[in-house]
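Examining the three-dimensional arrangement
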Amino acid sequence: KYYKISICVPMQALVDYHGYRLVAMPLLPLKGGKLIYGSKDTGKTIHHDDPHFNECMRGIAQDLHLGGHHVCDEQGVEHHIYAAGDIEGHIGTDGRYYLIDLARAFPPESMWDTHHLHRPSQAVFFRMLRPEFLQWLKKNHRPNKPEESFPPLSCDALTNWGQSSRDSKEHND
């Protein structure tokens, strides 16, 4: 397909033991590696530095029906990415590519369209659309415009990550 590189995604396990909860994951060879995609400092700096990694992320987004979009860094410079701004892509010290911090891998549910659910203020960071729903959107057409498919959705919609760029209206309506 379009994958020119392999991207490693570390496995995680949630362990509940005697009233304690632990997230267990492997130690990754990232110390001394290089951040090449996303942001690890809440958007002060945003990376999309490796063309092969960017192309792979574009293909993954296309498969998952996620929209490429712009996010702005601290200086207001726009960067075009295909995942949530706080997802991180790294080249490890072993030369392999790693994708981490995938908590917001999918677009958020709209708090305004889910009246039946409790609406905590930060719900857009943990109530995500299911991948099966995105695949349904990809395969089906709009009821009022049968010739048009539903557009891909942005992982940064409805968040501050997606508010300050030129395509924010497109991804937040």
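Predicted, not measured: the structure shown is a model, and the values here were computed from it.

**A few points about a nonpolar patch on the surface**
A cluster of nonpolar side chains, contributed by Val15, Tyr17 and Leu22, occupies part of the molecular surface with about 310 Å² of accessible area. For Leu22, the position within the fold is in strand S3 (residues 20-24).

**Section: the sheet that holds strand S9 (residues 97-100)**
The sheet built from five strands is open, its strands ordered S1-S9-S8-S4-S5 with mixed pairing. Two strands lie at the open edges of the sheet, namely strand S1 (7-8) and strand S5 (47-48), each paired on one side alone. Bridge analysis of strand S8 (residues 88-91) against S9 gives four bridges, and the strand direction is antiparallel. Paired with His90 across the two strands is Tyr98, which belongs to S9.

**Structural notes on the nonpolar core**
Counting 22 residues, the largest nonpolar core has Tyr37, Phe53 and Met57 as the members making the most contacts within it. Listing elements by their share of this core, those giving two or more residues are strand S4 (34-38), helix H1 (51-64), S9 and helix H2 (131-139). Sorting elements by how many residues they give to this core places H1 first, with four residues. Not counting residues up to four positions away in its chain, the partners in contact with Tyr37 are His47, His48, Phe53, Asn54, Met57, Ile81, Tyr82, Ala83, Ile87, Glu88 and Gly89.

**Thoughts on the pairing of strand S7 (residues 78-81)**
Along S7, the buried face is formed by His79 and Ile81; none of Glu78 and His80, which line the opposite face, is buried. When strand S6 (residues 69-72) meets S7, the two strands line up antiparallel, connected through four bridges. Paired with Cys72 across the strands is Glu78, a residue of S7. Where S6 folds back onto S7 in an antiparallel hairpin, the turn is made up of five residues, including Gly76, whose phi is positive at roughly 85°.

**Re the environment of Ile87**
Its place among the elements puts Ile87 in the loop between S7 and S8. The exposure class assigned to Ile87 is buried, which follows from its relative accessible area of 2%. Sequence-distant contacts of Ile87, defined by excluding residues within four places in its chain, comprise Tyr37, Gly38, Ser39, Leu99, Ile100, Asp101, Leu102, Arg104 and Ala105.

Procedures and definitions
- Residues numbered from 1 in each chain as written.
- Predicted model: local features only at pLDDT ≥ 70, side-chain atom pairs only at ≥ 80, totals over all residues.
- Heavy atoms only, no water.
- Patch = residues over 30% accessible without salt bridge, like charges linked within 9 Å, V, L, I, M, F, W, Y side chains within 5 Å.
- Areas by Shrake-Rupley, 256 points an atom, 1.4 Å probe, with all protein chains shown as cover.
- Salt bridge = Lys/Arg side-chain N within 4 Å of Asp/Glu carboxyl O.
- Helix = DSSP H or I, 4+ residues; strand = E, 2+ residues; numbered from the N terminus.
- Pairing = 2+ DSSP bridges.
- Core = buried A, V, L, I, M, F, W, Y, C linked by side-chain atoms within 4.5 Å.
- Buried < 20%, exposed > 50% of the residue type's maximum accessible area, 1.4 Å probe, protein only.
- Contact = heavy atoms within 4.5 Å.

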